[in-house]
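# Tertiary structure, described
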Amino acid sequence: MKGRIIEFSIGKPKQFDWKGKKETSAIGKTPLEEARLVPEGFAGDGVANPDFHGGPDRAVCLYPYEHYSMWEKEFGKVFQPPAFGENICAENMKEEDVFIGDIFTLGDAVIQITQGRVPCSTISKFNEADKLLARIVETGFTGYFFRVIEPGVVRKDSPMILLERKQEDISVLEGNEIFFRGRKDARAMEKMLSIEALADVWKTKLQKALYNIT
């Protein structure tokens, strides 16, 4: 499996004026040619709210390019990468085709999928599309995160090549379905919790949900 980068972007938090209210976010990222990737993320990248964004399990955010045309048709407007605040917008990397725990090369770095992205209202505000957040959650087309296994330099023309697939039971799309709508399905949650590579924050939330129904 090989992905192709369409756009590579980073950005620090900045202030936006959304419907008369000032909010700080790092969603407005800027395309670039190359950057160094370390366990905390790309040099020059940042998050506004570290409680919900960033950290070693969410060092790299990817959004599949194939979804852009679908959203453009649905909302009747142009979405230009990185409209979803992603670091990597790539082809051939859809949520249904990759699995939690998959390990990829990305330039000189090696990265591993840890969880689907949990989007927030910033996506709707930034793109001026009120129903976008709800539709992203409904479809499961959230994008997803990676941790860094080996640091290195990443370039816009770097291929993403699958090195190792740890499991083939739960794709990112299936994981999103369990996380967003399957918290009363003990068997499904147990299955996802058995994935060693799963992000710690998802493990904690699923363990709590499982405890509450058993």
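You'll find the protein chain entered in an unreviewed UniProt entry as Sulfurase, with Bacillus infantis NRRL B-14911 given as the organism.

### Things to note about the environment of Ala 83
One can find Ala 83 in the loop between helix 1 (66-75) and strand 8 (88-91). Since its relative accessible area comes to 3%, Ala 83 is described here as buried. Considered as a pair, Ala 83 and Asn 127 are 44 residues apart in the sequence and their alpha carbons are 6.9 Å apart. With residues near it in sequence (within four places) discarded, Ala 83 still touches Ile 27, Tyr 68, Phe 126 and Asn 127.

### Some thoughts on the pattern of salt bridges
Tallied over the entire structure, the rule returns 13 salt bridges. Where Arg 4 meets Glu 91, a salt bridge forms, and the shortest distance between an N and an O atom there is 3.0 Å. With Arg 4 in strand 1 (residues 2-10) and Glu 91 in strand 8, this residue pair connects regions lying 87 residues apart in the sequence. On the accessibility criterion, Glu 91 (26% relative accessible area) is partly exposed. Ionic pairing is found between Asp 45 and Lys 29, a salt bridge with its closest N-O pair at 2.8 Å. Pair noted here: Asp 45 is in the loop between strand 6 (41-42) and strand 7 (60-64) and Lys 29 is in the loop between strand 3 (21-25) and strand 4 (30-31), with a separation of 16 residues, a long-range link. Assigned by exposure class, Asp 45 and Lys 29 land together as buried. Taken together, the shared-partner salt bridges connect Glu 74, Arg 135 and Glu 138 into one network.

### Structural notes on the packing of aromatic side chains
For the structure on display, the rule yields 14 aromatic pairs. Centre to centre, the rings of Phe 75 and Phe 79 are 6.2 Å apart; their planes meet at 75°, and the pair counts as edge-to-face. Take Phe 79: its relative accessible area is 2%, and that puts it in the buried class. Taking the centre distance of 6.0 Å and the plane angle of 15° together, the rings of Phe 79 and Phe 84 count as stacked. Among the aromatic side chains, those forming a connected cluster through ring pairs are Tyr 63, Tyr 65, Tyr 68, Trp 71, Phe 75, Phe 79 and Phe 84. Geometry around Phe 79 places Lys 77 over its ring, the cationic atom sitting 5.9 Å from the centre. Here the guanidinium or amino end of Arg 183 rests over the ring plane of Phe 179, the centre of that ring lying 4.2 Å away.

What counts and how
Per-chain numbering applies: the sequence of each chain, read as written, is numbered from 1 onward. Where totals are concerned, whole chains, interfaces and linings use all residues; where local detail is concerned, this predicted model gives features only for residues with pLDDT of at least 70, and gives and counts side-chain atom pairs only at 80 or more. As a rule here, side-chain values cover all heavy atoms of the structure and leave hydrogens and water aside. Secondary structure elements are defined from DSSP: runs of H or I of at least 4 residues count as helices, runs of E of at least 2 residues count as strands, and each element is numbered from the N terminus. Remark: exposure states derive from per-residue accessible area (1.4 Å probe, protein chains only) relative to the maximum for the residue type, with buried under 20%, exposed over 50%, and partly exposed in between. Here, residues are in contact when the closest pair of their heavy atoms is within 4.5 Å. A pairing counts as a salt bridge when a side-chain nitrogen of Lys or Arg comes within 4 Å of a carboxyl oxygen of Asp or Glu. Centres within 6.5 Å make a pair out of two Phe, Tyr or Trp rings, where for Trp the six-membered ring is used; the pair is then stacked when the planes are under 30 degrees apart, edge-to-face when over 60, and tilted otherwise. Lysine and arginine charges are scored as sitting over a ring when NZ or CZ, respectively, is within 6 Å of the ring centre and within 35 degrees of the ring normal.

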